6 protein chains.
Amino acid sequence: MRNDGRNRNELRPVEMVTEFITHPEGSVLITVGNTKVICNASIEDRVPPFMRGQGKGWITAEYSMLPRATEQRTIRESSKGKISGRTMEIQRLIGRALRAVVDLNKLGERTIWIDCDVIQADGGTRTASITGAFTAMTIALGKLVDKNVLSELPITDFLAATSVGIDSELGEILDLNYLEDSSAEVDMNVIMTSKNELVELQGTGEEATFSRKQLNQLLDLAEEGIHTLIEHQKSVLGDWGSHIVKNLEKEG
Amino acid sequence: MRNDGRNRNELRPVEMVTEFITHPEGSVLITVGNTKVICNASIEDRVPPFMRGQGKGWITAEYSMLPRATEQRTIRESSKGKISGRTMEIQRLIGRALRAVVDLNKLGERTIWIDCDVIQADGGTRTASITGAFTAMTIALGKLVDKNVLSELPITDFLAATSVGIDSELGEILDLNYLEDSSAEVDMNVIMTSKNELVELQGTGEEATFSRKQLNQLLDLAEEGIHTLIEHQKSVLGDWGSHIVKNLEKEG
Amino acid sequence: MRNDGRNRNELRPVEMVTEFITHPEGSVLITVGNTKVICNASIEDRVPPFMRGQGKGWITAEYSMLPRATEQRTIRESSKGKISGRTMEIQRLIGRALRAVVDLNKLGERTIWIDCDVIQADGGTRTASITGAFTAMTIALGKLVDKNVLSELPITDFLAATSVGIDSELGEILDLNYLEDSSAEVDMNVIMTSKNELVELQGTGEEATFSRKQLNQLLDLAEEGIHTLIEHQKSVLGDWGSHIVKNLEKEG
Amino acid sequence: MRNDGRNRNELRPVEMVTEFITHPEGSVLITVGNTKVICNASIEDRVPPFMRGQGKGWITAEYSMLPRATEQRTIRESSKGKISGRTMEIQRLIGRALRAVVDLNKLGERTIWIDCDVIQADGGTRTASITGAFTAMTIALGKLVDKNVLSELPITDFLAATSVGIDSELGEILDLNYLEDSSAEVDMNVIMTSKNELVELQGTGEEATFSRKQLNQLLDLAEEGIHTLIEHQKSVLGDWGSHIVKNLEKEG
Amino acid sequence: MRNDGRNRNELRPVEMVTEFITHPEGSVLITVGNTKVICNASIEDRVPPFMRGQGKGWITAEYSMLPRATEQRTIRESSKGKISGRTMEIQRLIGRALRAVVDLNKLGERTIWIDCDVIQADGGTRTASITGAFTAMTIALGKLVDKNVLSELPITDFLAATSVGIDSELGEILDLNYLEDSSAEVDMNVIMTSKNELVELQGTGEEATFSRKQLNQLLDLAEEGIHTLIEHQKSVLGDWGSHIVKNLEKEG
Amino acid sequence: MRNDGRNRNELRPVEMVTEFITHPEGSVLITVGNTKVICNASIEDRVPPFMRGQGKGWITAEYSMLPRATEQRTIRESSKGKISGRTMEIQRLIGRALRAVVDLNKLGERTIWIDCDVIQADGGTRTASITGAFTAMTIALGKLVDKNVLSELPITDFLAATSVGIDSELGEILDLNYLEDSSAEVDMNVIMTSKNELVELQGTGEEATFSRKQLNQLLDLAEEGIHTLIEHQKSVLGDWGSHIVKNLEKEG
């Protein structure tokens, strides 16, 4: 039995509140268990210098934690004057993942800024950020279609993320909370589309290793979890979710 | 008539949600009109080096805005690698204000960390931060009394803050929203106790000036607003509010 | 009796040496008691990016202390690699204050750089900086009029600053020196014009509070001090002082 | 046919020169095709603060490129004053990977510093760094055994890394050079032990995705490459390689 | 004829005002032509970590220019957040030079902090800094002898510095002002004792070269200038100058 | 007898490997005894902003040490986030020295970037860097002549550097290794051309002094060493060396 009573293949309760904040083009508060992340998507009508003149768009992400998102207060990165390696890894990961399901040519010379601010942390903040950021980004792009700035939603598939890991007693488990994450032998973040296509896979045996058989068992768990997360996205996105389904069928 | 229909001496709607986040000892989401700030108070069992060995406590504050708290996305200070002058001013102001109503000797060698994170901004973020931070701090200190770590609440009076200003057409107004703040000739932040004692007064005529008569009219408005804000604090703080009232009576 | 024998409403001896340094367009060494600040004004023929194309000028200020301006050597901010919150507050204050008495439209697209370098500190360095900086700025602008670059002096009034405070034994006092400042219960910086108009008011009760009655007594003291300081400015500025007096009369 | 004439499952020529530099406890110049990395291992007789008093050791890694390791000169990170996100990711990856095959308890309170300095880059610099760093670290630890500072080599298995990827025309390929890496649809870094245990797996579809079937084909290729790399390590490490083989047999 | 009417072997007018600022243990305003530097010496009763426990003292120097010390305003290093290479070179030079004439064992575990702040620059700021810093340091150490903290002045000889250079038309010249320095083919800074011993010699042919014969002619000029500067030091130092002369005779 | 058996006027063994790395236009690994430096020269088709529009070129240098180039591991400057004063001094020295023998007008609006990366240090790293950098720069410029981008080699003379010093027992010695450098009373770096013209001379008596007679003896030693180093350059540069000899004769 897991420390919060879940089954090995059970996600924590998931909720996504849209329009959480009024200024951003897309704003989602995602809750996964006790992890809460504000995901905001902003659209800027230009691209960074290295992308100019190619007619393509860009997606970039920033990630941060409030000091008391954690049990012990952590020092602000703005006070330290630099961003930690962990933050940089997560920021790069979120941006890269979202770019995999957006047709940057159809986006045109625009930048989507994703801001993921963790207000409460209990494990899985980076995967919750990706799942919530996809939703916020879709809403922001949907508004551009509504305003006829874009003729169609340039999103090729749904995208969600979760963590899986190996516990020395329980074996493979889905969606680790902070305590589980701290004691897991293997920790893996999986980012997938609705068609079970992998977008990113990061598996780490911190002071441990894992076999290819275990890898496949972990991916089975992840697939389940990601399907559930995408169902949540669909219910929140409404018509825009249907639009993505149509995009998938067209391409199909 | 003001741009949001208020009277000149009318505060925007105020709300304080306590226990907004679970980890901090005190956590308040304060809403003043469309301004929303998460105010967290953390207690640390030691003081900074310059305070050690004096048997006294310390209060320090940090302030930040999410990038899309504002209409236009602002760059994170952690990305820029340094804190702006504006942020520093506000942080110092919050800490100084709270220290004026806490008996640091009774606090003992502890640091109260205040984190004010603006998630949505519409003017008055620094004054909302102070009003919310006072509430979060009281809750955090109240828990120390509950646990018998402190024998009494080391708070000498209520403390709240609001802005007042001079509009070229409307004259003196209370609690400026962002549009009003942008066009005001004079902008003043007032921090006061329940006994009408001033804790801090910052009046600025950006490219303008003001007379002493106008100053007194502005302070009359501010007094009204601060009394209303302190009523909100009392209703939210419950027993701890009564405890402060008793402290006031004892001191009498 | 104050620690240096002054009356409660008495300024320390004031002196302003003009042309202290040869390169700047305006250069003043201001001495207020044992506080000495070199105030230099430089004119640059362009404005910062956020001001371009508006036909208006800008005024920006920098403030620094030599390491041994103080009793104990302080570490250089250039060695620490960053500017303290205190320095930023003072820099912003000086710039804001001067902008209140300069007609930025008449200045045209020029920047006035004010550099206030404290070479000896004994309290009141920020207010001495403002009083000296106004003088240096007027000299620099006067030279532009002499060279027919500007047709008139774009200064609307004199501007000076002083500190007032509340001592637990002496009550309200004017122009605090370092020892007085360290023990004062309330510390207030007042920036005013010759017409008794307030430009900026910053009153702080560090671990104390003050009533509105006390506020008014402090402002009475400040008015007196500022009138004396402006007399010093007039005697040093000569014809340029008369030019400002005429501007005042025109405006009526 | 690949751009350098290799088969899809063929590594580039590999060479490891030991004792490349005289000062470090372990020093290896690893060459993989046209990629050349100096890998130095230093032993320090203490651990970082967060590890003290646990009787365990630590391994930390730094990675850098000479400015002209690349076709276009890149700016030094020391000149920019900060380390890029890419460098941080690689540094963290190298340290984490090596820690998975070292018994930190047997190492005792010592830190192994790994420095990977790329002097020539043609793709695969992070995986070459790991393969070379493992060799340098083993040499450095071997010397501690020789000096009887350690009673046995605290290494549980060999460790090597390579990249695999998917080319739109060639399909799955092993050990991508720079040109291949730039055009690959999927890029994966695999770190494995001699027993086919995964230590870290990082698969990324930059603007693309991959199926679980493709994942397994990529891992088949990676296994082959890693076995060859470990053979190189064994031939270079001599007796210390045999020592690791014995450790593996004991553990059985 | 030189641009200011001097002969080739003529120093500019030199003046040293002692006790220029009241807080430092030693304070000298040195004027060399239009170059003016405030040189302050502070004594601290401990040494930096790398010197502790050796019973020896240390001397360290910092150098800075006010923004308008120069014709064009320069940006403050505190604003840029880092110290330029030029500043670092000069700081290291001043400290190294002074250490050559102080018996650090006799100084005991104390640090002498030298602060050279250029308030007006017209060439030769680093050499004026050294000549002034020696004087300020001697005064500060003299006070320690007066207070019986030190039993004797731990200074082995006088120390002064000047520049020499080669002008394409005038040939070798002494004590270059800014214009001369800008056009000189060769620029050399010479630091010497009263016994003609070289302490530091930095000769640079920026886009030019110089022969050994020219080197010797430059050193002849420098010797003359340094003797004159040391006479100035003697007249300013009074008894402390005589003390150094006695130290020289004892050493014989 | 010196600690490595050399005579007082004997250089350590010198070797220069050209084309050490493939990407740079010029690449030399210089070995002087146990000191090894990779010197790379890169050509960029533009100049820094302060040089634009003058039709002239520029040469700039960067210098760094691998962490384990030294006996004790040193912290990377990229990790510290800033470049040390020592590094800045050396970088400026290398650039300045090379500019003295290049006709920047003939170079045209191009920048030569010199990167000197010390991979093993045993004293004399800055002088070895200069000797190696001259060679790498000549190769890079030679290739521009080969490609007819330049019509002739814009180099006016050979340039090499060495160190000389005074040992308390041995007296004047040439080309100090690390141990000799650590104990020398006087340390001098000499940069010269083949015609015995001095380009830069930096003599320092750290806590000691030297006479003009000693200076001349040191320069005699340096001349010898530099002639030998230039012979090495000639043998490595082949035709490009002859080209420089012709340039010298033309100028003659």
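Quick caveat: nothing in here was measured; it's all calculated off a predicted structure.

Definitions and cut-offs
- Residues numbered from 1 in each chain as written.
- Chains lettered and ligands numbered in written order.
- Predicted model: local features only at pLDDT ≥ 70, side-chain atom pairs only at ≥ 80, totals over all residues.
- Heavy atoms only, no water.
- Helix = DSSP H or I, 4+ residues; strand = E, 2+ residues; numbered from the N terminus.
- Rg over C-alpha atoms; globule rule 2.2 N^0.38 Å.
- Buried < 20%, exposed > 50% of the residue type's maximum accessible area, 1.4 Å probe, protein only.
- Contact = heavy atoms within 4.5 Å.
- Areas by Shrake-Rupley, 256 points an atom, 1.4 Å probe, with all protein chains shown as cover.
- Axes fitted to C-alpha atoms, helices over the stretch in contact; angles between N-to-C directions.
- Parallel < 35°, antiparallel > 145°, perpendicular 65-115°, else oblique.
- Left-handed = near helix turned anticlockwise from the far one by under 90°.
- Nonpolar A, V, L, I, M, F, W, Y, C, P; charged D, E, K, R; others polar.
- Salt bridge = Lys/Arg side-chain N within 4 Å of Asp/Glu carboxyl O.
- Least-squares fit on C-alpha atoms with pLDDT ≥ 70 in both.
- Expected span 1.5 Å × (residues − 1).
- Pairing = 2+ DSSP bridges.
- UniProt positions renumbered as here; feature names shortened; annotations may be inferred.
- Polar contact = N/O pair within 3.5 Å; in protein donor to acceptor, adjacent residues only side chain to side chain.
- Phe/Tyr/Trp six-rings, centres within 6.5 Å; stacked < 30°, edge-to-face > 60°.
- Buried area = accessible area lost by both parts, 1.4 Å probe.

A few words now on the overall build of chain A. Looking only at helices and strands, chain A has 7 helices and 9 strands in total. Relative to the 2.2 N^0.38 estimate, which gives 18 Å for 252 residues, the radius of gyration of chain A is 18 Å and therefore close to what a compact globule would have. Across its three principal directions, the C-alpha atoms of chain A cover 55 × 45 × 30 Å. With 252 residues in all, chain A has 63% of them scored as buried. Taking as baseline every contact in chain A between residues at least 6 positions apart, the subset at least 24 positions apart corresponds to 71%. If you sum the accessible surface of chain A, you get close to 9500 Å²; carbon and sulfur atoms cover 46% of it.

All names here are of chain F. Packing of helix α4 (residues 125-146) against helix α6 (residues 212-237) brings their axes to within 11 Å, and their N-to-C directions diverge by 25°. Comparing the axis directions of α4 and α6 gives the class roughly parallel. You can see that α4 and α6 cross each other, and the crossing is right-handed. Side by side, α4 and α6 meet where T131, F134, T135, T138 and I139 of the first sit next to L229, Q233, V236 and L237 of the second. The residue inventory of the contact of α4 with α6, partitioned by class, reads 5 nonpolar, 4 polar and no charged.

Right, let's talk about the arrangement of the chains for a bit. In this view chain A stays clear of chain E, with the nearest C-alpha atoms of the two still 12 Å from each other. Separated without contact, chain B and chain F have their nearest C-alpha atoms at a distance of 12 Å.

For the rest of this paragraph, the subject is the pattern of salt bridges. On inspection of all chains with the given rule, the structure shows 144 salt bridges over all chains. Here D220(D) and R212(A) are joined by a salt bridge, their closest N and O atoms 2.7 Å apart. In this pair, D220(D) is assigned in helix α6 (residues 212-237) and R212(A) in helix α6 (residues 212-237), connecting two distinct chains. R212(A) gets classed as buried once you look at its relative accessible area, which sits at 17%. Residue D4(F) is joined to R6(F) by a salt bridge in which the shortest nitrogen-to-oxygen separation is 3.0 Å. Of the residues examined, D4(F) reaches a relative accessible area of 38% and is grouped as partly exposed. Exposure remark for R6(F): the relative accessible area of 6% places this residue in the buried category. By sharing partners, the salt bridges in this structure join R2(A), D4(A), R6(A), R12(A), D122(A), D175(A) and E180(A) into a single network.

With that settled, the discussion passes to the relation of the copies chain F and chain D. Note on the identical chains: chain F maps onto chain D by a rotation of 180° and an axial translation of 0.0 Å, with an RMSD of 0.0 Å. Here the two chains are linked by the operation of a two-fold rotation axis. A share of 100% of the interface residues of chain F reappears at the interface of chain D, consistent with the copies meeting face to face through the same patch.

With respect to the helices, strands and loops of the structure, R110(C) is situated in the loop between α3 (104-107) and β5 (111-120). Once you skip the residues sitting within four places of it in the chain, R110(C) turns out to touch I43(C), E44(C), D45(C), R46(C), V47(C), K56(C), G57(C), W58(C), L144(C), V149(C) and L150(C).

Attention shifts here to helix α2 (residues 85-99) of chain A. Over its 15 residues, α2(A) extends 21 Å from the first C-alpha to the last, a length consistent with the 21 Å expected when each residue adds 1.5 Å. In terms of burial, α2(A) is largely enclosed, as 13 of its 15 residues are buried.

Looking now at the sheet that holds strand β5 (residues 111-120) of chain E. Residue and element names in this part refer to chain E. One open sheet accounts for 5 strands, arranged β1-β2-β3-β5-β4; its pairing is mixed. Strands at the two margins of the open sheet, each flanked by one partner only, are β1 (14-18) and β4 (58-65). Each strand axis lies, on average, 20° off the axis of its neighbour in the sheet, ignoring direction. As judged from the 5 bridges shared by β1 and strand β2 (residues 26-32), these two strands associate in the antiparallel manner. Within β2, the position partnered with M16 by the bridge is I30. The strands touched by helix α4 (residues 125-146) within the sheet are β1, β2, β3 (35-44), β4 and β5, with β3 carrying the most contacts at an inclination of about 35°.

Mapped onto the present numbering, the UniProt feature "binding site: phosphate" (unreviewed entry) falls on R86(A), G124(A), T125(A) and R126(A). In summary, the annotated positions, though distributed over 41 residues, converge in three dimensions, the widest C-alpha pair being only 13.4 Å. By secondary structure assignment, the location of R86(A) is in helix α2. When neighbours within four sequence positions are excluded, R86(A) is seen to be in contact with Y63(A), M65(A), T125(A), R126(A) and R92(D). In terms of polar contacts, R86(A) uses its side chain to reach the side chain of Y63(A), at 3.2 Å. Excluding anything up to four places from it in sequence, T125(A) contacts T35(A), V37(A), Y63(A), M65(A), R86(A) and V118(A).

Let's shift gears to the packing of aromatic side chains. Given two aromatic rings, their pairing is described by the distance between the two centres and the angle made by the two planes. Residues and elements named next belong to chain A. As enumerated under the stated definition, the model contains 12 aromatic pairs over all chains in all. Plain terms: the ring middles of F50 and W58 are 5.2 Å apart, the flat faces sit at 85° to each other, and that makes the pair edge-to-face. Residue F50 is classed as exposed on the basis of its relative accessible area of 53%.

For the rest of this paragraph, the subject is the UniProt feature "domain: Exoribonuclease phosphorolytic" (unreviewed entry) in chain A. All names here are of chain A. As annotated in UniProt, the feature "domain: Exoribonuclease phosphorolytic" (unreviewed entry) corresponds to residues 10-140 and 160-225 in the numbering used here. Along residues 10-140 one finds 30% helix and 31% strand; the C-alpha atoms at either end are 30 Å apart. Summarising residues 160-225: 30% helix, 41% strand, and an end-to-end C-alpha distance of 9 Å.

On to the relation of the copies chain A and chain D. With an RMSD of 0.0 Å, chain A superimposes on chain D once it is rotated by 180° and translated 0.0 Å along the axis. Interface overlap between copies: 100% of the residues of chain A at the interface are likewise at the interface in chain D, consistent with a symmetric, same-surface contact.

Turning next to the interface of chain A and chain D. Every contact between the two is made by 36 residues of chain A and, on the other side, 36 residues of chain D. A buried area of about 3200 Å², summed over both sides, lies between chain A and chain D, and 47% of it is on carbon and sulfur atoms. It is E89(A), E207(A) and R212(A) in chain A that bury the most area against chain D; as a group they hold 21% of the surface buried on that side. Taken together, the connections running from chain A to chain D amount to 6 salt bridges. Note that R92(A) is salt-bridged to E89(D), the shortest N-O span being 2.6 Å. At the junction of chain A and chain D, the tally comes to 20 residue pairs in polar contact (both at pLDDT 80 or more). Broken down by secondary-structure element, the contributors of at least two residues to the side of chain A that touches chain D are α2, β8 (186-193), β9 (198-204) and α6 of chain A. Of the residues belonging to the side of chain A that touches chain D, the class tally is 13 nonpolar, 10 polar and 13 charged. Of the strand pairs in this sheet, β9(A) and strand β9 (residues 198-204) of chain D are connected by 5 bridges, and their pairing is antiparallel.

Once that is clear, we can look at the interface of chain F and chain D. Opposite the 32 residues of chain F that make contact, chain D presents 32 residues. Taking both sides of the interface into account, the surface hidden between chain F and chain D amounts to around 2800 Å²; carbon and sulfur atoms contribute 48%. Counting across the interface, chain F meets chain D through 12 salt bridges. For E62(F), the salt bridge goes to R76(D), with nearest N and O atoms at 2.8 Å. In this assembly, chain F and chain D are joined by 26 residue pairs in polar contact (both at pLDDT 80 or more). Looking at the side of chain F that touches chain D, the elements with two or more residues in it are β3 (35-44), β4 (58-65), α1 (77-80) and β5 (111-120) of chain F.

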